[in-house]
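# Architecture and fold: a report
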Amino acid sequence: MDKTAVKSVLESILFLSAEPIEIAKIAKILDISEREVEDCIEELKEEYKNQKRGFIVIKEEKGYTLVTNPENSKYIKEYFEFEQKQSSLSQAAYEVLSIIALNGPITRQEIERIRGVSSDNVIKSLLEKGLIKEAGKLDTIGKPTLYEVTELFYYSLGIQNLEELKEKIMQREDTSI
């Protein structure tokens, strides 16, 4: 497989992968060396940078992932604000999102204990909207699913992570009378 084809496949895999993907896994899929994969990733990174593309490739702890270019964050935020208005969330959805964001990963049972009501349909809706995701299973009887917020959740709020969310909450509390 020539380098152009490798980069094309690599780009497709990174685009479709919901989680960071390891070099070894990509090398095995493409039947090439890890060094070749790393070289192609570096070339993709440079191409995206030089062409001012909408995506960048970043290295995370567990591997590489394709993310939106931070230079476009203003427009991404506007897009999600528009989308959020188009498909507004119920009060229950905001409650569940808040619980998951601040306590996640968390099980449905724990969410329901906090809220005092069933949350099945709300969780299903938030999963469909891509605002939460399954984060594994709890190692107890019944192996209940753990939920956590997604990058889309953070993008829709115009923040990067949970720490930034907590800072905003603290700022809001500091300004209240």
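Here, the structure is the one placed above.
Residues numbered from 1 in each chain as written. Predicted model: local features only at pLDDT ≥ 70, side-chain atom pairs only at ≥ 80, totals over all residues. Heavy atoms only, no water.

### Considering the overall build of the protein chain
- Looking only at helices and strands, one finds 9 helices and 5 strands in the protein chain.
- Written out in order from the N terminus, the α and β elements of the protein chain read α-α-α-β-β-α-α-β-α-α-β-β-α-α.
- Counting only C-alpha atoms, the protein chain reaches 60 × 45 × 30 Å along its principal axes.
- If you take every contact in the protein chain between residues at least 6 apart in sequence, the share linking residues at least 24 apart comes to 43%.
- Distance between charge centres in the protein chain, computed from 25 positive and 33 negative side chains, equals 3 Å. (Helix = DSSP H or I, 4+ residues; strand = E, 2+ residues; numbered from the N terminus. Contact = heavy atoms within 4.5 Å. Lys, Arg positive; Asp, Glu negative; His and termini not counted. Charge placed at Lys NZ, Arg CZ, Asp CG, Glu CD.)

### Remarks on the nonpolar core
- The biggest cluster of nonpolar side chains holds 22 residues, and the ones touching the most others in it are Leu-97, Ile-100, Leu-126, Ile-132, Val-149 and Phe-153.
- Contributing elements (two or more residues each) for this core: helix H5 (91–103), helix H7 (120–129), strand S5 (145–149), helix H8 (151–157) and helix H9 (162–175).
- With 7 residues, H5 is the single largest residue contributor to this core.
- When sequence neighbours within four positions are dropped, the list of residues in contact with Ile-132 reads Leu-97, Ile-100, Ile-123, Leu-126, Leu-127, Tyr-147, Glu-148, Val-149 and Thr-150.
- Formed by 18 residues, the second largest nonpolar core is a distinct cluster that contains Ile-26, Ile-32, Tyr-48 and Val-57. (Core = buried A, V, L, I, M, F, W, Y, C linked by side-chain atoms within 4.5 Å. Buried < 20%, exposed > 50% of the residue type's maximum accessible area, 1.4 Å probe, protein only.)

### Describing the layout of surface pockets
- Approximately 1300 Å³ is the volume attributed to the largest pocket.
- Forming the walls of the largest pocket are 41 residues, and the residues nearest its centre are Val-67, Thr-150, Glu-151, Leu-152 and Tyr-155.
- Elements represented by at least two residues in the lining of the largest pocket include exactly helix H1 (3–16), strand S1 (55–60), strand S2 (63–68), helix H4 (73–86), H5, S5 and H8.
- Ranked by residues supplied to the lining of the largest pocket, first place goes to H4 with 5 residues.
- Tallied by class, residues from the lining of the largest pocket come to 22 nonpolar, 10 polar and 9 charged. (1 Å grid on protein atoms, 1.4 Å probe; cavity = no way out; pocket = protein on both sides within 12 Å on 5 of 7 lines; lining within 4 Å. Points joined across faces, edges and corners; volume = space filled by probe spheres on them. Nonpolar A, V, L, I, M, F, W, Y, C, P; charged D, E, K, R; others polar.)

### Quick word on the packing of H5 against H7
- Two elements in contact, H5 and H7, have axes whose closest approach is 10 Å; the angle formed by their N-to-C orientations is 80°. It follows from the interaxial angle that H5 and H7 lie roughly perpendicular. Contacts between H5 and H7 involve Ala-92, Ala-93, Val-96 and Leu-97 from the first element and Val-122, Ile-123 and Leu-126 from the second. (Axes fitted to C-alpha atoms, helices over the stretch in contact; angles between N-to-C directions. Parallel < 35°, antiparallel > 145°, perpendicular 65-115°, else oblique.)

### Notes on the packing of aromatic side chains
- In the structure shown here, the tally under the stated rule is 2 aromatic pairs.
- Geometrically, the ring pair formed by Phe-15 and Phe-55 is edge-to-face, given 6.1 Å between the ring centres and 85° between the ring planes. Of this pair, Phe-15 sits in helix H1 while Phe-55 sits in strand S1, and the two are 40 residues apart along the sequence.
- Owing to a relative accessible area of 34%, Phe-55 belongs among the partly exposed residues under this scheme.
- Ring geometry for Phe-153 against Tyr-154: centres 5.4 Å apart, planes inclined by 65°, an arrangement best described as edge-to-face. (Phe/Tyr/Trp six-rings, centres within 6.5 Å; stacked < 30°, edge-to-face > 60°.)

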